[in-house]
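Fold and contact review
This is what each chain is made of:
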Amino acid sequence: MKTWTKDESGQSTVEAALLLPTVMVVLALLLQPACLLYTRSVMGAAAVEGARVMATGVGGEQGCEAYVLRRLEAVPSLSVFHAGGAEDWEVHASHSEDGDRVSVEVVGHVKPLPLFGAVVSALGTSEEEGVVLRVRVEEDVRSSWVGGDYGDWVGIWG
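Residues numbered from 1 in each chain as written. Predicted model: local features only at pLDDT ≥ 70, side-chain atom pairs only at ≥ 80, totals over all residues. Heavy atoms only, no water.

**Comments concerning the sheet that holds strand β2 (residues 101-110)**
In spatial order, the strands read β1-β2-β3; together these three strands make up an open sheet with antiparallel pairing. Strands at the two margins of the open sheet, each flanked by one partner only, are β1 (90-95) and β3 (131-140). Averaged over all neighbouring strand pairs, the angle between strand axes comes to 10°, with direction disregarded. By the bridge criterion, six bridges tie β1 to β2 in an arrangement that is antiparallel. From the neighbouring strand, Glu90 faces β2, where its bridge partner is Val107. Taken strand by strand, helix α1 (residues 11-56) contacts β1, β2 and β3, and its axis lies near 30° from that of β3. On the sheet, helix α2 (residues 60-71) packs against β1 and β2 and is oriented at approximately 145° with respect to β1. (Pairing = 2+ DSSP bridges. Helix = DSSP H or I, 4+ residues; strand = E, 2+ residues; numbered from the N terminus. Axes fitted to C-alpha atoms, helices over the stretch in contact; angles between N-to-C directions. Contact = heavy atoms within 4.5 Å.)

In structure tokens, the structure reads:
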């Protein structure tokens, strides 16, 4: 004779119903920061490489911006990584007034997962396209320890 207190036939279903949402929330907690970190690291690397291109003077500002946009193609066109596709990237490259520094700024948007939209929006600037990711890099055209100018260096080698 069976009693209902000793019957364990539905126990795994109840455990799964309690455990599955918890596991999904934990995965989402790990996924969103990983996506943002990947996007920012690609943006930072592209901006640094663009600053190097800008410092060499090859291609000018338009060439630098095109180079950075090619590097940004490594970011998947998913809204968790980058919203808006290739048209949404903003790249601004410029020389300082005295010509000794270059700067490259990359701006993009991310639409966070629904659960984390409020938290991510509170931490960063939010616009209609999504949360704004911005990376700015400034570098010297030539290191301070290098003496003379380009003509002096060419003169050394004859």
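**Concerning the packing of α1 against α2**
Direction vectors running N to C along α1 and α2 enclose 155°, while the axes themselves pass 9 Å from each other. Judged on the interaxial angle alone, α2 and α1 are roughly antiparallel. The interaxial crossing formed by α1 with α2 has right-handed handedness. Here α1 contributes Val42, Ala46, Glu49, Gly50, Val53 and Met54 to the contact with α2, which in turn contributes Gly60, Glu61, Cys64, Tyr67, Val68 and Arg71. Here the residues of the contact of α1 with α2 sort into seven nonpolar, two polar and three charged. (Parallel < 35°, antiparallel > 145°, perpendicular 65-115°, else oblique. Left-handed = near helix turned anticlockwise from the far one by under 90°. Nonpolar A, V, L, I, M, F, W, Y, C, P; charged D, E, K, R; others polar.)

**Digging into the nonpolar core**
Counting 26 residues, the largest nonpolar core has Met43, Val68, Leu72, Val104 and Val106 as the members making the most contacts within it. Elements that contribute at least two residues to this core include exactly α1, α2, β1, β2 and β3. For this core, the element with the most residues is α1, which contributes nine residues. Not counting residues within four places of it along the chain, the set of residues in contact with Val104 comprises Ala47, Gly50, Ala51, Cys64, Val68, Val91, His92, Ala93, Val135, Arg136 and Val137. (Core = buried A, V, L, I, M, F, W, Y, C linked by side-chain atoms within 4.5 Å. Buried < 20%, exposed > 50% of the residue type's maximum accessible area, 1.4 Å probe, protein only.)

**What to know about the pattern of salt bridges**
According to the stated counting rule, one finds five salt bridges in the structure shown. Between Arg101 and Glu138 there is a salt bridge, and its shortest N-O distance comes to 3.6 Å. Of this pair, Arg101 sits in strand β2 while Glu138 sits in strand β3; the two residues are 37 residues apart in sequence, bridging distant segments of the chain. Residue classification places Arg101 among the partly exposed positions, given a relative accessible area of 31%. The class of Glu138 is partly exposed, set by a relative accessible area of 43%. When salt bridges that share partners are traced, they join Arg101, Arg136, Glu138 and Asp140 into one network. (Salt bridge = Lys/Arg side-chain N within 4 Å of Asp/Glu carboxyl O.)

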